[in-house]
Amino acid sequence: MEIEAATGKKAGRFQALAALRHRNFRLFWSGQLISLIGTWMQNMAQGWLVLQLTNSPFLLGLVSAIQFTPLLVLALVAGVVADRVPKRRLLIFTQSSLMLLAFTLGILTLTGAIRYWQVLILAGLLGMVNTFDMPARQAFVVEMVGKGDLMNAIALNSSIFNAARIVGPALAGLVIGRLGMAASFLLNGASFLAVIAGLLLIRIPEKIDWHHRVAEGMGERIAEGLQYIRRTPVVLRTVVLMALLSIFTMNFSVLIPVLARDTLGQQAEGYGLLMSASGVGALCGAIFLAVFSSRGPSPWLLLGGAAGLCLFQLFLAGTHSYTLALLFLGLTGWSMITFTASVNTTLQLNVPDNLRGRVMSVYSLVFGGVTPIGSLFSGSIAHLWGAPAGLAAGATIGLISLLAVAGQTWRCKPNAGV
C-alpha cells in the first residue's frame with residue numbers, strides 16, 4: 001500500500017496551526033497542554049524520589065522497567081480494545097485512572113509513608129493504564145482532524161508535549177526545592193482535570209464494533225494487525241527501526257538524574273534544567289515539523305533524526321561540561337522528536353481505519369514497551385561504570401542498528417517513509 005498524500009491543500013500562512021481549526025482537536029489539545037506539564041513534573045520528581053530512597057542507578061532503572069513492562073505484555077490487547085470501543089470513552093477512563101494514581105503517590109509522599117516498593121507498584125499500575133491510553137490516544141487524533149491535517153496535528157501534539165518537557169521539569173525542580181516532592185505529584189493529579197474536561201466536551205460519532213466482537217476472537221484480531229504489518233514493507237521497516245532505537249537509544253532520560261548528580265555535580269534544579277534542555281530542542285523540532293507538515297513525512301528526515309539521536313547522545317556521554325550537556329541534550333531532543341513524529345505519521349498514513357488501533361498499539365509497543373530491556377541494560381552499565389558509559393553504550397549500539405537497517409535496499413518513493 002502506498003502512502004496517501006499528507007494533505008491535499010497547499011501550505012498557507014497558517015499551515016503550522018492547521019489542525020486547530022477543528023473544534024474537537026482544540027479541546028483535546030488545550031487539555032493536553034495543561035496535563036502534560038503535570039506529567040513531566042511527576043516524571044522528574046519520581047526519578048529524584050527514587051534516587052533519594054535508594055541511591056542506586058540500578059533500582060532507578062528498575063522503576064522504569066516496571067513502569068513499561070505492562071506495555072510490553074498488553075500492548076497488542078490494548079490495540080484490539082482501541083479498535084472495538086469508542087476511543088473518547090476509553091480515554092476518559094484512562095485519564096481518570098492516571099489522576100487517581102498521581103494523587104495516591106502525592107499523598108504517600110506528603111505523609112512520609114512512601115517506600116520504594118510502593119513506588120514500584122504505582123509505577124506498574126501507571127504503566128498498565130498507559131498501555132491502554134496510548135494506542136487509543138494516537139488513533140483518536142485522525143478522528144478529530146482527518147488525514148489531511150494528521151501530520152500537522154501530530155506535530156502540534158509533539159510541540160505541547162515538548163513544551164511541557166521544558167516547563168514541567170524546571171517547575172518541578174523549583175517546587176521540590178521549595179515545597180517538597182509531594183507537591184509535584186499532587187499538582188500532576190490536578191492537571192488531569194483539564195484533559196478530562198476537554199474529552200467530555202468533544203462531540204464525535206461513536207461506533208462500537210459489535211460485528212467483530214462476535215465474529216472474531218482477541219487472538220484473530222491481533223493476528224490480523226500483525227499480518228498487515230508484516231505484509232506492508234514500509235510499515236515493517238519503520239517499526240523495526242523504531243524498535244531498535246527504542247531499546248538502546250531512546251531511554252537516555254533514565255540516566256539523566258545520575259549524570260546530573262554524579263558527573264555534572266548538580267542538584268534537583270540543575271537536573272530539572274537538563275531535562276528542560278531536551279524539551280527545548282524537541283519543541284524546536286516539533287515546530288519545524290508543524291510548519292512543513294504539508295509536505296508529509298520524508299524518509300531522509302526520519303533517518304536523519306535517528307542518526308542525530310545516536311550521535312548527540314554519544315557526544316553527551318563524553319562531556320563533563322554542564323553547558324555542553326545542555327546543548328547536546330537539546331540537539332538530542334530535536335533529533336528524537338523528528339524521528340518519532342516521522343514514524344508516527346508514516347504509520348498512520350499507511351494504515352486502514354479498521355486496523356489503526358492495532359497498528360498504533362505496535363507503535364506503542366516498540367516506542368515504550370521495549371523500554372524495560374533498555375532501562376535494565378543502561379541502568380546496569382551505569383551501576384558498574386557510571387552514567388556516561390550507559391549513554392555511550394546505548395548510542396553506539398543504536399548507530400550500529402541504524403546502519404544495519406539503513407544498509408538494506410529500501411525502495412522508497414518520496415513521502416513514503418523508510
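Residues numbered from 1 in each chain as written. Predicted model: local features only at pLDDT ≥ 70, side-chain atom pairs only at ≥ 80, totals over all residues. Heavy atoms only, no water.

Trainee: Looking at this structure, I do not really get the nonpolar core. What am I missing?
Mentor: Most often, soluble globular proteins have nonpolar side chains that are buried together. Ranked by internal contacts, the top residues of the largest apolar core, which has 112 residues, are F25, M144, I256 and F339. A total of 13 residues in this core trace back to one element, the largest contributor, which is helix 4 (residues 116–145). In this view, I256 contacts Y271, L274, M275, L316 and L329; residues no more than four positions away in its chain are not counted. (Core = buried A, V, L, I, M, F, W, Y, C linked by side-chain atoms within 4.5 Å. Buried < 20%, exposed > 50% of the residue type's maximum accessible area, 1.4 Å probe, protein only. Helix = DSSP H or I, 4+ residues; strand = E, 2+ residues; numbered from the N terminus. Contact = heavy atoms within 4.5 Å.)

Trainee: Please clarify how the side chain of H22 should be interpreted in this entry.
Mentor: In this fold, H22 is placed in the segment before helix 1 (23–54). In this structure H22 touches M144, V145 and D149, once residues within four positions along its chain are discounted.

Trainee: Would you take a moment to explain the pattern of salt bridges for this structure?
Mentor: Pairs can form between side chains of opposite charge whenever their charged atoms are close. Enumeration according to the criterion identifies 5 salt bridges in this entry. When the shortest N-O distance is used, the salt bridge between R137 and D133 registers 2.7 Å. Of this pair, R137 and D133 are both found in helix 4, 4 residues apart, which corresponds to roughly one turn of the helix. For D133, a relative accessible area of 1% corresponds to the buried category. For the salt bridge of R261 with D262, the shortest nitrogen-to-oxygen distance reads 2.9 Å. Residue R261 is classed as partly exposed on the basis of its relative accessible area of 27%. (Salt bridge = Lys/Arg side-chain N within 4 Å of Asp/Glu carboxyl O.)

Trainee: Sorry, what's going on with the packing of aromatic side chains here?
Mentor: What describes a pair of aromatic rings is the distance from one ring centre to the other and the angle between the planes of the rings. Evaluation of the coordinates by the stated rule reveals 3 aromatic pairs. For the pair F312 and F315, a centre-to-centre distance of 6.0 Å together with 70° between the ring planes defines the contact as edge-to-face. Of this pair, F312 and F315 both sit in helix 12 (residues 299–317), 3 residues apart, which is roughly one turn of the helix. When its relative accessible area of 22% is taken as the criterion, F312 is described as partly exposed. F315 gets classed as partly exposed once you look at its relative accessible area, which sits at 41%. Between F315 and F328 the ring centres are 5.7 Å apart and the planes differ by 50°, which places this aromatic pair in the tilted class. One end of the pair, F315, is in helix 12; the other, F328, is in helix 13 (residues 322–348), with 13 residues separating them in the sequence. What makes F328 buried here is its relative accessible area of 14%. A connected cluster of aromatic rings, assembled from ring pairs, spans F312, F315 and F328. (Phe/Tyr/Trp six-rings, centres within 6.5 Å; stacked < 30°, edge-to-face > 60°.)

Trainee: What is the right way to look at a nonpolar patch on the surface in this model?
Mentor: Among the surface-exposed residues, W117, I121 and L125 lie close enough to one another that they form a single nonpolar patch of about 320 Å² accessible area. Among the secondary structure elements, I121 is positioned in helix 4. Note on I121: relative accessible area 48%, which makes it partly exposed. (Patch = residues over 30% accessible without salt bridge, like charges linked within 9 Å, V, L, I, M, F, W, Y side chains within 5 Å. Areas by Shrake-Rupley, 256 points an atom, 1.4 Å probe, with all protein chains shown as cover.)

Trainee: Which parts of the structure should I look at to understand the environment of V234?
Mentor: Structurally, the position occupied by V234 is in helix 9 (residues 233–248). Residue class for V234 comes out buried when judged on its relative accessible area of 13%. Linking V234 and L347, residues 113 residues apart in sequence, is a C-alpha distance of 8.3 Å.

Trainee: In this structure, what is going on with helix 12? I would like to understand it.
Mentor: Three or four residues apart is the spacing at which side chains of an α-helix point the same way, because the helix has 3.6 residues per turn. Taking 1.5 Å per residue as the helical rise, helix 12 with its 19 residues ought to reach 27 Å, and the 28 Å between its terminal C-alpha atoms agrees with that figure. When we look at burial in helix 12, the residues that qualify are P299, L302, L303, G305, A306, G308, L309, C310, Q313, L316 and A317. Of the surrounding elements, those touching the buried residues of helix 12 are helix 9, helix 10 (256–263), helix 13 and helix 16 (387–406). (Expected span 1.5 Å × (residues − 1).)

Trainee: I would appreciate a short explanation of the confidence of the model for the chain in the present structure.
Mentor: A low pLDDT means the predicted coordinates there should not be read in detail. The predicted model of the chain averages 81 in pLDDT, with 88% of residues at 70 or higher. When pLDDT is averaged over each element of the chain, helix 3 (residues 87–110) comes out on top at 94 and helix 7 (residues 210–215) at the bottom at 46. Of the regions scoring below 50 in pLDDT, residues 1–13 engages in 28 contacts with residues more than four places distant in sequence or in other chains. Scored below 50 in pLDDT, residues 210–215 shows 5 contacts in the model against residues more than four places distant or in partner chains. (pLDDT = per-residue confidence, 0-100.)

Trainee: I'm lost on the environment of F25 in this one. Help?
Mentor: Locating F25 in the fold gives a position in helix 1. On the basis of relative accessible area, F25 is assigned to the buried category, the value being 0%. Excluding residues that lie within four positions of it along the chain, F25 makes contacts with A19, L20, M144, V145, A153, L156 and N157.

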